[in-house]
Amino acid sequence: MNKANAKDRIKKLKDLINDYRYHYHVLNESIMSEEAADSLKHELSQLESDYPEFITPDSPTQRVAGAVLPGFTAIEHSRRMLSLNDVFTIEEMRAWENRIRKLEPGSSLEFFTDIKMDGLACALVYEDGILRRGVTRGDGFVGEDVTANIRTMESIPLSLRNVMKYSMFLSGYTEVRGEIVMYKKDFARLNEERGRAGLPLFANPRNTAAGTIRQLDPSLVANRPLHFRAYDLLRQDISEVPTYEYAYKALSALGFSTNFMATVFKGIVEVMGFANEWEEKRQTLEFNTDGLVVKVNDRLLYERLGVAGKAPRGAVAYKYAAEQATTKVKDIFISIGRTGTATPVAVLDPVLIAGSTVQMATLHNESEVKKKDIRIGDSVIVHKAGDIIPEVVEPLTKLRTGKEKVFRMPKNCPECGTVLIKQKKADVAWRCPNTACPSRAWKLIEHFASKEALDIDGLGEKNVIALLDAGLITDAADIYKLTPEQLLGLERFAEISANKLVNSIQAKKSPSLARFLYGLGIRHIGVQTAIDLASHFRTIEAISTANIDQLASIDGIGEIVAEAVVEYFAETRHQKLLQKFKDLGVWPKKVRHTGGKFKRMNFVLTGTLSTMSREEAAEKIRTRGGTFQSSVGRDTSYLVVGDNPGGSKIAKASKLNTPIIEEDEFLAMLD
Ligand code: IVH
């Protein structure tokens, strides 16, 4: 980026971030996720550090947090209220630990770990055990006196409980710091009420809590459900509270609520174990959290480590990976799928989202691109959750420079030049009708070999492409002609791997009808539809000669599927392919009926079974008329538990009273 572009980009970023802030804080509405806004702020501060001459005092990066509102008295903190540096990975956690070890060699380290609550920090001052003041964090040095407001909160003791062991905290100056939070359920209820009353909705629990505490009228606060959770206990002589572990125990005894899961760990690996344990489980907490606070347990050591910038060296915030980020669309290309569907795909500037680097995102179809108005060169918000395929949420039109290019769906297939068609007027997807299109071949073959189809080990994307490139195969039937000698001629194979692949192909010459049918890659034929067709028609000959009415008369098979099946078998190319399979001795087994004993029954499997793979279990369930589900729900009939089962499925099943059975019971049911 040159200087002029940088200047322009900085200006646009500032405007958009300010816009976001205005909507968020003034209008109580959200024009994008906080994660996306953070991503923009990050880009802005990077650009500003490359071009410091463009930093202006009104830049969002120059904000001094927490100025005192008019109407509130400013109160100086006894000790500065700091913020925390964020870390995102175990490597960064280790680097933090190493810095501490360097500064304090030889000290034995323990890590006090708690959930980081998403609320606002507050300091409570007790004199001789009596609550005197409540002060917001403000800019860290000076905060706002919100005593009248926090006195309405039930979770804040007006006087400290007198417990013998901790009675020293009842004399002299004692300060308790913690987080004021609004629970998710209370926030939802509040917004529901506001919605019904026609009032504007609040953006999130944290803002609502902060806004409430900074009201001048305490009766308003009394009517809003807020909770205080303590995380620190301060005395003039810090050695009176030797560790954070001690602080939490004392805080409970003195009458404060603290997080029950807070724990001391001996090493970073254990801390990360805790982090992983809570990544999913945090959804069940009453309040929002986006990570952990990890502190050196020893208070004296913590103090000795001191402060760097605005954060203590002795603590970090470990943040869970965000699910949204902003990046740029470098290009849009067309990917031709297994059944010829032409899907626009965005090529992105690589960006880290939810723990992995995202470089491409599906745009689904032409009308989706049009509707969202995504252009080449646009800055966009990208969303990715866990193993979900990344998706472009929306373009940030305010960041446009005018050089963005509108995407136009090509008229022809980029691979074979065939004119793209829409099967029906109402279809959203364009398709390449050329079944011999080279871009389809590898996907079809890979699909044929995939786990739920023929389940041929070692025939993934890379090997299929290598075999096609070498001219050894042109379609799925050709794989049965492969010899170890041919494979040895390719760089990817050595003697053992070549023999192994040929053997695993030859072992799959009489697949089940359902697997074979699914493996052909007929449009709209998923695993379950293939099973339904197979169990009704029982042979491939019967299916290939059935007419639309016969097909559509089957339970679960509609007009669209029926048409796709008839169309598939009507094509000469496909008839030739089937003949080729037959000539090579590859033919699906005739279906023997097992009586549909699992009809209307739904099974979930957790852990590994000793007698069969997950796919085999699924097939056995389906061929008996049952459904194989991926997660436990109200309609689940049985949870089958194998070795090393996952805890969450069992917990869910117990909660819903779903029968839980072991492998031998399951085997007995199959017979
Ligand atoms: S310990 C240096 N423990 O996170 C302050 N803080 O970014 C460390 N927070 O303003 C304090 N939950 O208000 C600590 N369990 C927890 C916390 C927590 C939320 C807030 C705190 C502080 C911010 C630091």
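The following paragraphs examine the structure supplied in this document.

How each quantity is defined
- Residues numbered from 1 in each chain as written.
- Predicted model: local features only at pLDDT ≥ 70, side-chain atom pairs only at ≥ 80, totals over all residues.
- Heavy atoms only, no water.
- Near = heavy atom within 4 Å.
- Polar contact = N/O pair within 3.5 Å; in protein donor to acceptor, adjacent residues only side chain to side chain.
- Areas by Shrake-Rupley, 256 points an atom, 1.4 Å probe, with all protein chains shown as cover.
- Helix = DSSP H or I, 4+ residues; strand = E, 2+ residues; numbered from the N terminus.
- Salt bridge = Lys/Arg side-chain N within 4 Å of Asp/Glu carboxyl O.
- Buried < 20%, exposed > 50% of the residue type's maximum accessible area, 1.4 Å probe, protein only.
- Core = buried A, V, L, I, M, F, W, Y, C linked by side-chain atoms within 4.5 Å.
- Pairing = 2+ DSSP bridges.
- Axes fitted to C-alpha atoms, helices over the stretch in contact; angles between N-to-C directions.
- Contact = heavy atoms within 4.5 Å.

**Concerning the site of the ligand**
In the vicinity of the ligand, 14 residues are found, and the nearest of them are Asp114, Ile115, Met117, Glu179 and Tyr231. Between a nitrogen atom of the ligand and a side-chain N or O atom of aspartate 114, the distance comes to 3.1 Å. In this structure, methionine 117 approaches the ligand through a main-chain N or O atom, which is 2.8 Å from a nitrogen atom. For the ligand, whose free accessible area comes to 510 Å², the fraction covered by protein is 90%. Looking at the shell around the ligand, the elements that each hand over two or more residues are strand E3 (111–117) and strand E10 (289–296). Counting residues per element, the shell around the ligand draws most heavily on E3, which supplies four residues.

**Quick notes on the pattern of salt bridges**
Once the charged atoms of two side chains with opposite charge are near each other, the side chains can pair. In this structure the tally under the stated criterion is 37 salt bridges. The shortest N-O distance in the salt bridge between arginine 101 and glutamate 97 comes to 2.9 Å. Of the two residues, arginine 101 and glutamate 97 both sit in helix H3 (residues 90–103), four residues apart, roughly one turn of that helix. We classify glutamate 97 as buried; its relative accessible area is 12%. Of the charged contacts in the structure, one is a salt bridge between glutamate 277 and lysine 281, with a shortest N-O distance of 2.6 Å. Taken as a pair, glutamate 277 and lysine 281 lie in helix H9 (residues 268–281) at a separation of four residues, close to a single helical turn.

**Details of the nonpolar core**
One finds Ile479, Leu520, Leu533, Phe569 and Phe581 to be the most contacted residues of the largest nonpolar core, which totals 52 residues. Broken down by secondary-structure element, the contributors of at least two residues to this core are helix H12 (438–449), helix H13 (461–469), helix H15 (495–506), helix H16 (513–519), helix H17 (527–537), helix H18 (540–545), helix H20 (559–570) and helix H21 (572–583). Broken down by element, the residue count for this core peaks at six residues, all from H17.

**What about the sheet that holds strand E25 (residues 660–662)?**
Hydrogen bonding along the main chain pairs the strands of a sheet, whether they run parallel or antiparallel. Reading across the sheet, the four strands line up as E23-E22-E24-E25 and stay open at both edges, with parallel pairing between neighbours. Single-partner strands in this sheet number two, and they are strand E23 (627–629) and E25. Between one strand axis and the next, the sheet turns through 35° on average, direction left out of account. Two strands pair when backbone bridges link them, and strand E24 (residues 638–641) and E25 are joined in this way by three bridges, in the parallel orientation. Of the residues in E25, the one forming a bridge with leucine 639 is isoleucine 660.

**Quick notes on the side chain of serine 439**
Along the polypeptide, serine 439 turns up in helix H12. A residue is classified by how much of its surface remains accessible, and serine 439, at 7% relative accessible area, is buried. Setting aside anything within four residues of it in sequence, one finds serine 439 in contact with Ile336 and Glu415.

**A closer look at the environment of leucine 190**
As for its position among the elements, leucine 190 is in helix H5 (residues 184–196). Given the relative accessible area of 12%, leucine 190 is considered buried. Between the C-alpha atom of leucine 190 and that of proline 225, which follows or precedes it by 35 residues, the distance is 9.2 Å. Every residue in contact with leucine 190, bar those within four places of it in the chain, is listed here: Met182, Phe202, Thr208 and Arg224.

**Some words on the pairing of strand E4 (residues 120–127)**
With seven of eight residues buried, E4 lies mostly within the body of the structure. In terms of strand pairing, E4 meets strand E7 (residues 173–181) through eight bridges, oriented antiparallel. Paired with alanine 123 across the two strands is arginine 177, which belongs to E7. Both E4 and strand E5 (residues 130–136) contribute to a ladder of six bridges, which runs antiparallel. Bridging across to E5, cysteine 122 finds its partner in threonine 136.

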